[in-house]
Amino acid sequence: MKREHKEEMKARARNIAMIVAYDGTGYHGFQRQTPPIVAVQNVLEEKLQLVFGDRIELAAAGRTDAGVHASGQVVNFFTNGRIPTERIIKAVNSLLPDDIAVQSVWEADHDFSARHSAKSKTYLYRLHSGKTPDPLLSRYCWHIEYPLSTSDMSRAMGYLEGVHDFSAFRASGGAPMSPVREMYDAKLSVEGAVIMLRFHASGFLYHMARNIVGTLVRIGEGLEEPDDIVRVMESHDRSQAAATAPARGLLLEHVEY
């Protein structure tokens, strides 16, 4: 958003913040796209404009990629619309498609930004380990037909915790920024046939979570040892890490402010 445009938006009376959940399967990511390509932001802004009566431009905590899901995406926007806060959820959700839903709404301070005020984010990646795919999981899990060593994967995740240069897990094409991030927590849990990989960090580089998952799966398959992830990380070389895990397994779970 241009500086003068941003000032115009911030001159409006209200700063509305929302937590939004969506199934990203049918969208070209979150960030607004030029039609006929449709992103989650396109749909949200269109419906919010109908409810608030003025042009809406969203800021979002995370620009999730095509096929990536969210249960805790945070957005904010400035408006002169007068609809009471307690009526917003019902009004907006009545217009949204079934794969997008507003979960909560609040009136934020004028200097709050869903993107710039975020202190940390939590991403969850789901793996379905089994000989045959499960159609009920296929939209939200990466199916791995081979057995995975969850103990080795869990050990490898421990090495990710702390402050590191994550260049080896950074895809080209992202915005220029420091590759140093603090991984507060990286934990594995199992629910039935689903392996849950949860990453809580100060921030994430472009495709960082999915590139880490690809490397963890390689370790789980026994192709590398758990401490090899240290070698990969210290190389600062993307070619040393595994291929990017599919988008469908990734979920933006929570943003902390």
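Provided above is the structure to which this section pertains.
Description of the structure in this document. (Residues numbered from 1 in each chain as written. Predicted model: local features only at pLDDT ≥ 70, side-chain atom pairs only at ≥ 80, totals over all residues. Heavy atoms only, no water.)

Another aspect to go through is the pairing of strand S5 (residues 120–129). Burial of S5 is extensive: eight of the 10 residues sit out of reach of the surface. As paired strands, S5 and strand S10 (residues 250–256) are joined by six bridges and run antiparallel to one another. Among the inter-strand pairings, lysine 121 is bridged to a residue of S10, identified as valine 255. Summarising the sheet, S5 and strand S9 (residues 194–201) pair through eight bridges and their orientation is antiparallel. When the bridges of S9 are listed, arginine 126 appears paired with methionine 196. (Buried < 20%, exposed > 50% of the residue type's maximum accessible area, 1.4 Å probe, protein only. Helix = DSSP H or I, 4+ residues; strand = E, 2+ residues; numbered from the N terminus. Pairing = 2+ DSSP bridges.)

Inspection of the entire model under this criterion finds seven aromatic pairs. Grouped by ring-pair contacts, the aromatic residues Trp106, Phe112 and Tyr257 constitute a single cluster. (Phe/Tyr/Trp six-rings, centres within 6.5 Å; stacked < 30°, edge-to-face > 60°.)

We now examine unusual backbone geometry. The phi angle of most residues is negative, glycine excepted, and most peptide bonds adopt the trans form. Proline 36 follows proline 35 through a cis peptide bond whose omega is 15 degrees. Phi is positive for histidine 207, which is not a glycine, with a value near 65 degrees. Tracing the backbone shows histidine 207 in the loop between S9 and helix H5 (208–220). With a phi close to 55 degrees, histidine 236 is a non-glycine residue in the positive phi region. Topologically, histidine 236 is positioned in the loop between helix H6 (228–235) and S10.

Here we take up the side chain of histidine 128. Positionally, histidine 128 belongs in strand S5. If we ignore the near neighbours within four places in the chain, the residues touching histidine 128 are Pro133, Asp134, Leu137, Cys141, Trp142, His143, Ile144 and Ala193. (Contact = heavy atoms within 4.5 Å.)

The next subject is the packing of helix H4 (residues 150–160) against H6. Direction vectors running N to C along H4 and H6 enclose 35 degrees, while the axes themselves pass 9 Å from each other. For the pair H4 and H6, the crossing hand works out as right-handed. In contact with Ala156, Tyr159 and Leu160 of H4, H6 contributes Ile229, Val230 and Met233. Of the residues in the contact of H4 with H6, the class split is six nonpolar, no polar and no charged. (Axes fitted to C-alpha atoms, helices over the stretch in contact; angles between N-to-C directions. Left-handed = near helix turned anticlockwise from the far one by under 90°. Nonpolar A, V, L, I, M, F, W, Y, C, P; charged D, E, K, R; others polar.)

Another aspect to go through is the environment of asparagine 76. When you line up the elements, asparagine 76 lands in strand S3 (residues 69–79). With 39 residues separating them in the primary sequence, asparagine 76 and arginine 115 have C-alpha atoms 8.7 Å apart. Sequence-distant contacts of asparagine 76, defined by excluding residues within four places in its chain, comprise Asn15, Ile16, Ala17, Glu57, Leu58, Ala59, Phe112, Ser113 and Ala114. Among the polar contacts made by the side chain of asparagine 76, one reaches the main-chain carbonyl oxygen of phenylalanine 112 at a distance of 3.4 Å. Among the polar contacts listed, one links the side chain of asparagine 76 to the backbone nitrogen of alanine 114, at a separation of 2.9 Å. (Polar contact = N/O pair within 3.5 Å; in protein donor to acceptor, adjacent residues only side chain to side chain.)

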